[in-house]
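Survey of secondary and tertiary structure
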Amino acid sequence: SPDSNDSSTPELEKAGLLNKTKIAEGGRKLRKNWNPSWVVLVGNSLVFFKDPKSQTPSSWKPGNSRPESSVDLRGAVVQWTNDLSSKKNVFKLRTVTGNEFLLQSETGSLIREWFNTIHSVIDRLDRE
Ligand code: I3P
């Protein structure tokens, strides 16, 4: 349908709970702070929300959908890593601006799906 290609309403490609830590900001190394994050892949962006389950009842407002942060996938790179964490099932996402994130799940099949989906979005943007 015409609507599904309307760039003003990008298609939601994937959403779910992953463990996340930011390890660099603008190329500058950061101290790790792993947290569960609700991750949404929509259009050219990966959008992070605080895990509602990790919030106190008073901090969680129904309908609260303000993202914690958002990542532009254009020109980004994803790469599996065994060296940057003691955890299993970890991949690194680096943006063109030099922000680096590790994403992880205890469930291998789940994190592989995320890797493959993000990788295909990056490839699609590279070809544009
Ligand atoms: C860090 C914390 C992280 C760990 C990191 C530690 O300690 O244990 O979970 O990363 O390892 O430095 P702290 O809480 O004192 O900051 P992983 O779980 O990914 O291994 P690292 O320094 O080797 O990255």
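Okay, the environment of D72 next. Residue placement: D72 occurs in strand β5 (residues 69–72). By relative accessible area, D72 is classed as partly exposed at 44%. Expressed as a C-alpha distance, the spacing of D72 and S45, which sit 27 residues apart in the sequence, is 4.8 Å. Contacts of D72, omitting those with residues within four sequence positions, involve N44 and T95. Of note is the side chain of D72, whose polar atom sits 3.0 Å from the backbone nitrogen of R74.

Glancing now at helix α1 (residues 108–127). With 20 residues, α1 extends 29 Å from end C-alpha to end C-alpha; this agrees with the ideal 28 Å at 1.5 Å per step. The complete set of buried residues in α1 reads G108, I111, W114, F115, T117, I118, V121, I122 and L125.

A separate point is the site of the ligand. Contacts to the ligand come from R31, K32, W34, S85, S86 and K87. Taking R31, its side chain carries an N or O atom lying 3.0 Å from an oxygen atom of the ligand. In this structure, an oxygen atom belonging to the ligand sits 2.7 Å away from a side-chain N or O atom of S86. Taken by itself the ligand offers 510 Å² of open surface, and the protein chains cover 45% of this.

Moving on, we get to the confidence of the model for the protein. On average, residues of the protein carry a pLDDT of 88, and 80% of them reach 70 or more. Here residues 1–5 is a poorly scored stretch, pLDDT under 50, and it has two contacts once near neighbours within four places are set aside; other chains count. The ipTM value of the predicted complex is 0.93, and its pTM value is 0.87.

Calculation rules
- Residues numbered from 1 in each chain as written.
- Predicted model: local features only at pLDDT ≥ 70, side-chain atom pairs only at ≥ 80, totals over all residues.
- Heavy atoms only, no water.
- Helix = DSSP H or I, 4+ residues; strand = E, 2+ residues; numbered from the N terminus.
- Buried < 20%, exposed > 50% of the residue type's maximum accessible area, 1.4 Å probe, protein only.
- Contact = heavy atoms within 4.5 Å.
- Polar contact = N/O pair within 3.5 Å; in protein donor to acceptor, adjacent residues only side chain to side chain.
- Expected span 1.5 Å × (residues − 1).
- Near = heavy atom within 4 Å.
- Areas by Shrake-Rupley, 256 points an atom, 1.4 Å probe, with all protein chains shown as cover.
- pLDDT = per-residue confidence, 0-100.

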